[in-house]
Amino acid sequence: MIYTIIASFILFYAFYMLLTVGIGLFYKSPKLEVSNPKHSVLVFYPIYKPSDKFSANLKKQKIEFKSLNAKVFVLSQEASRSREDELNKIADYFRSEKFSHLDGNSYHHALQYAVSEIKNIEKKFDSILLMDPDNYMSISSLKRLIEFRISGVDVAISRRKSYSKDTSTSLFDGMSERLNDYMFRRSKSMLGFHPELSGSGMLMDTNLFTQAVIKLDRKSPGMDKQLLIRMMLEKSDLKISYDEDAIVLDEKTEDSEAFNRQRMRWFGNQYYCAYTFGRKLLLSRKLSFVDYGISLWRPPRSFQVVGSIILVPIDLIAYSLNWVQAPLISFSALISTVSIGLFLLNEGMMKKVISNILPLVMTSLKNGYTAIFSSLKTNGSFIHTRIDK
């Protein structure tokens, strides 16, 4: 009985992966025909312990964003006085504050502080572009996102693309991110559902972002998933678009410890939102809500793919001895493998993955271990991941 329930759950999400990857294969970036009226953008960097690398990146981005008349707002956390002085000279708007001593998610505290400060800025902005410290976005990509906003879209999501070296950790991280694009952004765009937010490189309606951030509770260890839910609840006719012609370069972590901390935050955030909002989403009359509720309850892919493959021999032996009525785990492993294979072939990554298969499997197993303890260890606190030192 227990086997049937668990195996059926894994099998359901194996089919879910096959369906979403399959649909994602046929995605094409939307064509837009919009006029080019003035559209004001505030580029927002909430930065924890900013580094030399961030300062250099900010200087470069500031010069480029100036051509679009976009302004830069930096919220610095726990920086040295000299660093604060440097960033204050670069940014159009600068604030420095500490939130780590407050209860709950310090990142939520930072965002809520930031939107209160943004309200006090004399100039009003149509959109806010949320960026991570290691992100880089070209002018053409920002223009593309602005076009989506002008066309009536509330949130325009860019594709996060890695520029890191191909260590096994960064390769796994980049591959996982790209698979998320297929399953939760490309496919959902084609189905008319809400593409999942990516955490940065998103251009959002200022009023919508402000209202959603204000309502974030501080128990969730992450941000993006709850932010999407708050936006869905805030605006009934919410429009979100994902575009692969708009790219934000994103540095994937090469350090296994930083990677584990990052994954702990992501898994903790996912299952916190599933526990807190899942029932409401699944019982909604809106298909987009139901779809997101299903997405939140998905098992970690490390279990679904690698874990099910490892269990195939045991599953087949149990079936041959009539201990189980059907080898459901084996079916799940087969379907998940086909899904991953289709994805890798379409991305031209099959050869690279095969040549790194052992370290990727080990990274995946560690990822699964992290998923087990994520909800217990995060306990509502935001786990910062510093890629640049």
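Everything here concerns the structure above.
Residues numbered from 1 in each chain as written. Predicted model: local features only at pLDDT ≥ 70, side-chain atom pairs only at ≥ 80, totals over all residues. Heavy atoms only, no water.

Side note on the side chain of Ser 200
Put simply, the test is: Only DSSP runs of H or I reaching four residues or more are called helices, and only runs of E reaching two or more are called strands; each is numbered from the N terminus. Relative accessibility thresholds used throughout: buried, under 20% of the residue-type maximum; exposed, over 50%; partly exposed, between the two (1.4 Å probe, protein chains only). Polar contact is the term for a pair of N or O atoms within 3.5 Å; when the atoms are in protein, one must be able to donate a hydrogen and the other to accept it, and sequence-neighboring residues count only if both atoms are side-chain atoms. Pairs of residues are marked as contacts when any of their non-hydrogen atoms sit within 4.5 Å.
As for its placement among the helices and strands, Ser 200 is situated in the loop between helix H6 (168-191) and strand E7 (202-205). Overall, the relative accessible area of 0% leaves Ser 200 in the buried class. Within the structure, the side chain of Ser 200 is placed 2.5 Å from the side chain of Arg 160, a separation counted as a polar contact. Ser 200 has contacts with Leu 130, Met 131, Asp 132, Asn 135 and Arg 160, leaving out every residue within four places of it along the chain.

Regarding the packing of aromatic side chains
Short version of the rule: In this analysis, rings of Phe, Tyr and Trp, with Trp reduced to its six-membered ring, are considered paired at centre separations within 6.5 Å, and the interplanar angle assigns stacked below 30 degrees, edge-to-face beyond 60, and tilted for intermediate values. Note on geometry: a ring has a charge over it if NZ (lysine) or CZ (arginine) is within 6 Å of the ring centre and within 35 degrees of the ring normal.
This model, assessed by the stated rule, comprises ten aromatic pairs. Centre to centre, the rings of Tyr 182 and Phe 343 are 5.1 Å apart; their planes meet at 85 degrees, and the pair counts as edge-to-face. With a gap of 161 residues between them, Tyr 182 in helix H6 and Phe 343 in helix H13 (residues 328-347) connect regions that are remote in the sequence. The ring of Tyr 136 carries Lys 60 above its face, with NZ or CZ at 5.0 Å from the centroid. Its end group placed over the ring of Phe 184, Arg 298 keeps NZ or CZ at 4.0 Å from the ring centre.

Observations concerning the pattern of salt bridges
To keep things clear, this is the line we draw: Here, a salt bridge means any Lys or Arg side-chain nitrogen found within 4 Å of an Asp or Glu carboxyl oxygen.
Under the definition given, this model contains 25 salt bridges. Two residues, Arg 160 and Glu 177, come together in a salt bridge whose shortest N-O distance is 3.7 Å. Here Arg 160 is found in strand E6 (residues 155-162), whereas its partner Glu 177 is found in helix H6, with 17 residues between them in sequence. Through salt bridges that share partners, Asp 132, Arg 160, Glu 177, Arg 178, Asp 181, Arg 185, Arg 186, Glu 244, Asp 250 and Glu 347 make up one connected network.

Let's talk about the side chain of Gln 226
Note that Gln 226 resides in helix H8 (residues 224-234). The class of Gln 226 is buried, set by a relative accessible area of 0%. At 2.8 Å, the side chain of Gln 226 and the backbone nitrogen of Asp 217 are in polar contact. Residue contacts for Gln 226: discarding those within four places in its chain leaves His 108, Lys 215, Leu 216, Asp 217, Ser 220, Asn 269, Tyr 272, Cys 273 and Phe 277.

Just geometry here; none of it tells us what the structure is for.
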